[in-house]
Amino acid sequence: MPHTLKLQSIRPITHNVNELTFPRPDGYDCTPGQATELAIDRDGWRDEKRPFTFTSLPDADHLQFTIKSYPDHDGVTEQIGQFEGGETVLIEDPWGAIEDKGPGTFIAGGAGLTPFLSILRARQARDGTLDGYRLIFANSHEKDIILREELEGMPGLKLDLVLSKEKVDGLHHGQVDADFLDEAGLDFGDTFYLCGPPPMEEDVSTLLKLRGVTDDRLVREED
Ligand SMILES: Cc1cc2nc3c(=O)[nH]c(=O)nc-3n(C[C@H](O)[C@H](O)[C@H](O)COP(=O)(O)OP(=O)(O)OC[C@H]3O[C@@H](n4cnc5c(N)ncnc54)[C@H](O)[C@@H]3O)c2cc1C
């Protein structure tokens, strides 16, 4: 049975990403990195379920999602980007293979940050530091970087911001490709976490495997 959630607040965090907060239904437990299927509770939309990741802390009294809108898709995220107070959504049970397996290198593209956001937030809340955690976060342009200030302020987190379509002082320019991985000073004996657009995930996972990263040390959502 889906849970009906009434929107508590919506906050823009980039030009096309919003943070949505809902009250947590009683007994609804999810772990950092998990996602759920969400549909808009309106005629014509209830069967249009889309996966989104919880970005709230596991013990918070609310559920939060961080959702990038694609107005050119004429789909669910376009509608969500136009939400105002009082809207209701339907969510299913939580699921997902991405979980915190300890320190390692997290490689995210765009909205692929979301499972790592919840893992890093929860680990910071638990340990007070993210020593041993590194985040490589790839975007097209500087304006696309989600929650940059929060990420830069996470204690102990080593953060690399990579922009593919814009040169900005202090940020890497280019793709997360073979050259980037070879020059980033990575330990390929480490645990790697990967989440991003499917072509990026395919390319980066192939490159990591060629460098000796085994399946059991590569954490990602399988198809
Ligand atoms: C496990 C998982 C967790 C996720 N978590 C998050 C999250 O936390 N935050 C987040 O922002 N995203 C997340 N996503 C991605 C999110 O699910 C998609 O962005 C969302 O499903 C898009 O829904 P949509 O209805 O707007 O567009 P779509 O379902 O992509 O498309 C709707 C319509 O537009 C058409 N269309 C598709 N692509 C294009 C295109 N390029 N141009 C024009 N038309 C197109 C389709 O044919 C379809 O008819 C997650 C994905 C997965 C798999």
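## Brief notes about the pairing of strand β9 (residues 133–139)
For β9, the tally of buried residues reaches 7 of 7 residues, placing the bulk of the element in the interior. Along β9, one buried face is formed by Tyr133, Leu135, Phe137 and Asn139 and the opposite face, lined by Arg134, Ile136 and Ala138, is buried too. Where strand β8 (residues 104–109) and β9 come together, 6 bridges link them in parallel fashion. In the strand pairing of β9, glycine 109 is matched with alanine 138.

## Structural notes on the sheet that holds β9
Reading across from one edge, β11-β10-β9-β8-β12-β13 is the order of the 6 strands in this open sheet, with parallel pairing throughout. The open sheet is flanked by β11 (172–173) and β13 (218–219), the only strands paired with a single partner. Here 4 bridges tie β8 to strand β12 (residues 192–195), and the two strands are oriented parallel to one another. Residue pairing for β12: isoleucine 107 is matched across the bridge by leucine 194.

## Topic: the pairing of strand β2 (residues 9–12)
Both β2 and strand β3 (residues 17–23) contribute to a ladder of 4 bridges, which runs antiparallel. Looking at the pairing, serine 9 lines up with threonine 21 of β3. Counting the residues between successive antiparallel strands, the hairpin from β2 to β3 contains 4 residues.

## Thoughts on the site of the ligand
Around the ligand sit 21 residues in total, of which Arg50, His73, Gly75, Thr77 and Thr114 are the nearest. Its residues assigned to classes, the shell around the ligand comprises 8 nonpolar, 7 polar and 6 charged.

## Points about the sheet that holds β2
Taken together, the 3 strands give an open sheet; going across it, the order is β2-β3-β6, and neighbouring strands pair in antiparallel fashion. Either end of the sheet is taken by a strand with one partner, and the two such strands are β2 and β6 (62–68). Shown here is a sheet whose adjacent strand axes are inclined to one another by a mean of 20 degrees, direction ignored. Relative to β6, β3 runs antiparallel, the two being bridged by 7 bridges. Within the sheet, the bridge partner assigned to threonine 21 lies in β6 and is glutamine 64.

## Some words on the nonpolar core
Counting 47 residues, the largest nonpolar core has Phe106, Ile107, Ala108, Phe116, Ile136, Phe137 and Tyr193 as the members making the most contacts within it. Per element, the largest residue contribution to this core is 5 residues, and it comes from β9. A domain-level breakdown of this core finds at least three residues from each of domain 1 (3–91) and domain 2 (104–219). Setting aside its immediate chain neighbours within four residues, phenylalanine 106 contacts Phe116, Tyr133, Arg134, Leu135, Ile136 and Tyr193.

## Here we look at the environment of tryptophan 45
With respect to the helices and strands, tryptophan 45 occurs in the loop between β4 (35–40) and β5 (50–53). Taking the C-beta count within 10 Å as the criterion, tryptophan 45 has 15 such neighbours and is therefore assigned partly exposed. A C-alpha to C-alpha distance of 25 Å links tryptophan 45 and cysteine 30, two positions 15 residues apart in sequence. The residues touching tryptophan 45, leaving out its near neighbours within four places in the chain, are Ala39, Ile40 and Gln79.

## Some remarks on the domain arrangement of the protein
Per the domain assignment, the segments of the protein are domain 1 (3–91) and domain 2 (104–219). For domain 1 and domain 2, the distance between their C-alpha centroids amounts to 24 Å. On the side of domain 2, 14 residues touch domain 1, which itself brings 13 residues to the contact. Considered class by class, the residues forming the side of domain 1 that touches domain 2 number 6 nonpolar, 6 polar and 1 charged.

## Some points on helix α2 (residues 114–127)
One turn of an α-helix holds 3.6 residues; hence residues three or four places apart share an orientation. When the terminal C-alpha atoms of α2 are compared, their 20 Å separation across 14 residues agrees well with the 20 Å that a helix rising 1.5 Å per residue should span. Looking only at α2, the buried set comprises Thr114, Pro115, Phe116, Leu117, Ser118, Ile119, Leu120, Arg121 and Arg123. Looking at the buried positions of α2, the neighbouring elements they touch are β5, β6, β8, β9 and β12. Phi for glycine 128, located one or two positions after α2, is positive at around 80 degrees.

Parameters at a glance
- For every chain, the first residue of the written sequence is number 1, and numbering continues from 1 along that sequence.
- Reporting in this predicted model follows two pLDDT cut-offs: at least 70 for local features of residues, and 80 or more for side-chain atom pairs to be given and counted; totals over whole chains, interfaces and linings ignore these cut-offs and use all residues.
- Any residue with 12 or fewer other C-beta atoms within 10 Å of its own C-beta is exposed, any with 20 or more is buried, and the rest are partly exposed; the C-beta atoms used are placed from the backbone.
- Helix and strand definitions follow DSSP, with helices as H or I runs of at least four residues and strands as E runs of at least two, each counted in order from the N terminus.
- A pair of strands is considered paired only if DSSP assigns at least 2 bridges between the two.
- In this analysis, residues qualify as near a molecule or strand once their C-beta atom, positioned from backbone atoms, comes within 6 Å of it.
- Each residue is assigned to one of three groups, with Ala, Val, Leu, Ile, Met, Phe, Trp, Tyr, Cys and Pro labelled nonpolar, Asp, Glu, Lys and Arg labelled charged, and all others, Gly among them, labelled polar.
- Orientation is described by axes fitted as lines to C-alpha atoms, over the contacting stretch for helices, and by angles from 0 to 180 degrees between their N-to-C directions.
- Under the definition applied here, buried Ala, Val, Leu, Ile, Met, Phe, Trp, Tyr and Cys residues are grouped into a nonpolar core through C-beta atoms within 7 Å.
- Start and end positions for the domains come from either an automated domain assignment or a database one.
- We call two residues in contact when their backbone-placed C-beta atoms lie within 7 Å.
- Given the number of residues in a helix, its expected span is that number minus one, multiplied by 1.5 Å.

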